[in-house]
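# Close look at the chain arrangement
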Amino acid sequence: MELMGNIMMTAFIAVFVENTIFSRALGTSTLVVISRNRKNLFGFGLSVTYITALISVLTYFVNKLFANNDNSYIYMPLVYICVLGFVYILTLLCLWKFLPRLFAKAKKYVHISAFNCAVLGSMFLISKYCETLSDYFIHGLGIGLGFVFAVYLTAIVYDKIYSEKVPYPFRGYPIMLIYLGILSMAFWGLSGHTLNY
Amino acid sequence: MIVANDNSCKGIVKNALLYKNPIFVSGMVIAPVVVMANNFFDAVTLVIAFSLITFFTLLMSSFVPKNIVYTVRIILYTIIGALVYVPSVIFLKYLMPEGVEALGIFFPLFITSSFIISRSETIFFLETKGKMFLDIIFCIIGYDAAVLLFAAIREILAFGTICGNIIGMPVEIAALQNPFGGFILLGLIAAVFRSILLFIKRVRQK
């Protein structure tokens, strides 16, 4: 029961309190790019979740092998990129072999969902804050689900953001940033702040 | 979107600096700007790190043959980025150790920035190596100038200082130091930037 509670709490923190987009802005550029092409927003989000979850497990083993000296910050990005490349190729090969229909749809955005700041950033973040394999996995999954949640919140206002009712200087990208800022402010409140009266 | 449609050198420069400015128009690599560009000094570290990694990665990526499939090409671009990161971080750690510490995880994240991923493909379609070089240089200058301008405005509004010197602002909006403040301020500046471009276009048409 205690373990279940810990898992739920870790996942809640990763999705809401430390959401990659709202708390650290990781993956915002990718969100801006994919929101312009509205198709496959959820497919893209799920693809990111799958990659962050899988990558988190591999990151645990890679860290055990390589990240054990003071100079690891110099070469670890290269190691992480190699792991990402491996997962990317493995995913494409599996889709091509076993799910050809999904492969035809997914191949257009698998590369963006693998090589972006949210995924690479998740590898650095979980390396910094997690210790056990289960921690790594839950955080990785939570970061991915947090990204899906952010994509959902962007998708539901897409028509309004690009509406002609919005004055031209604000339409699209500028108002999206302001909207993300307001959401970020709301989620920032969840991390708990006391007011001095 | 307002763009310079000609593929001449002048058009490339105008697009890179103004009409397709990576920060104010295209929304590329905004995470470190929103979170880290709180003051002018941090912004200087940020633009040096970005410029070093982006310039050399794009330059080396331009030699990746076109006939290699995109699946492999994209891995090669990011591996080149990770290799360029090694001397860049050693150099900057020697030059400005505190700045590199402050950048934290955002420094290595430049390797997979949307700028590198998208530009390394776009530059293939430019006619000559000269134009490609011009495009890379001016896109980086456009990014750097936008980040420095944004950080200067943010520092004035959030801390009431510029380059650490107190300028006596009547009100300091401390919330702008946070990522949400960064998002909102960047959105407002992007809107002002678009208005200025629109005004210039209208004046020219008249």
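Here is a short report on the structure shown in this document. In this text the structure is predicted, and so the values were computed from the model without any measurement.

### Some words on the packing of helix α3 (residues 28-36) of chain A against helix α11 (residues 173-190) of chain A
Residues and elements named next belong to chain A. Following both chains from N to C, one finds α3 and α11 inclined at 130°, their axes separated by 12 Å at the closest point. In terms of axis orientation, α3 runs oblique to α11. Of the two possible hands of crossing, α3 and α11 adopt the one that is right-handed. Between α3, through T28, L31, V32, S35 and R36, and α11, the contact on the second element is made entirely by Y173, M176 and L180. Grouping the amino acids of the contact of α3 with α11 by side-chain chemistry returns five nonpolar, two polar and one charged.

### Regarding helix α1 (residues 2-17) of chain A
Considered for burial, the residues of α1 of chain A that qualify are T10, A14, V15 and V17 of chain A. Elements that come into contact with the buried residues of α1 of chain A comprise α2 (20-24), α9 (133-155) and α11 of chain A.

### Looking at the packing of aromatic side chains
Residue and element names in this part refer to chain A. Tallied over the entire structure, the rule returns 19 aromatic pairs over all chains. Note on Y60 and Y136: the rings are 5.2 Å apart at their centroids and 80° apart in plane angle, and the pair reads as edge-to-face. Here Y60, found in helix α4 (residues 41-66), pairs with Y136, found in helix α9; they are 76 residues apart in sequence, far enough to count as distant. On the basis of relative accessibility, which here comes to 17%, the residue Y60 falls in the buried class. Overall, the relative accessible area of 5% leaves Y136 in the buried class. Consider the rings of F149 and F187, whose centres lie 5.9 Å apart with planes at 90°: the pair is edge-to-face. Of this pair, F149 sits in helix α9 while F187 sits in helix α11, placing them 38 residues apart in sequence. These aromatic residues form a ring-pair network of at least three members: F12, F16, F22, F149 and F187.

Quick notes on the rules
- Residues numbered from 1 in each chain as written.
- Chains lettered and ligands numbered in written order.
- Predicted model: local features only at pLDDT ≥ 70, side-chain atom pairs only at ≥ 80, totals over all residues.
- Heavy atoms only, no water.
- Axes fitted to C-alpha atoms, helices over the stretch in contact; angles between N-to-C directions.
- Helix = DSSP H or I, 4+ residues; strand = E, 2+ residues; numbered from the N terminus.
- Parallel < 35°, antiparallel > 145°, perpendicular 65-115°, else oblique.
- Left-handed = near helix turned anticlockwise from the far one by under 90°.
- Contact = heavy atoms within 4.5 Å.
- Nonpolar A, V, L, I, M, F, W, Y, C, P; charged D, E, K, R; others polar.
- Buried < 20%, exposed > 50% of the residue type's maximum accessible area, 1.4 Å probe, protein only.
- Phe/Tyr/Trp six-rings, centres within 6.5 Å; stacked < 30°, edge-to-face > 60°.

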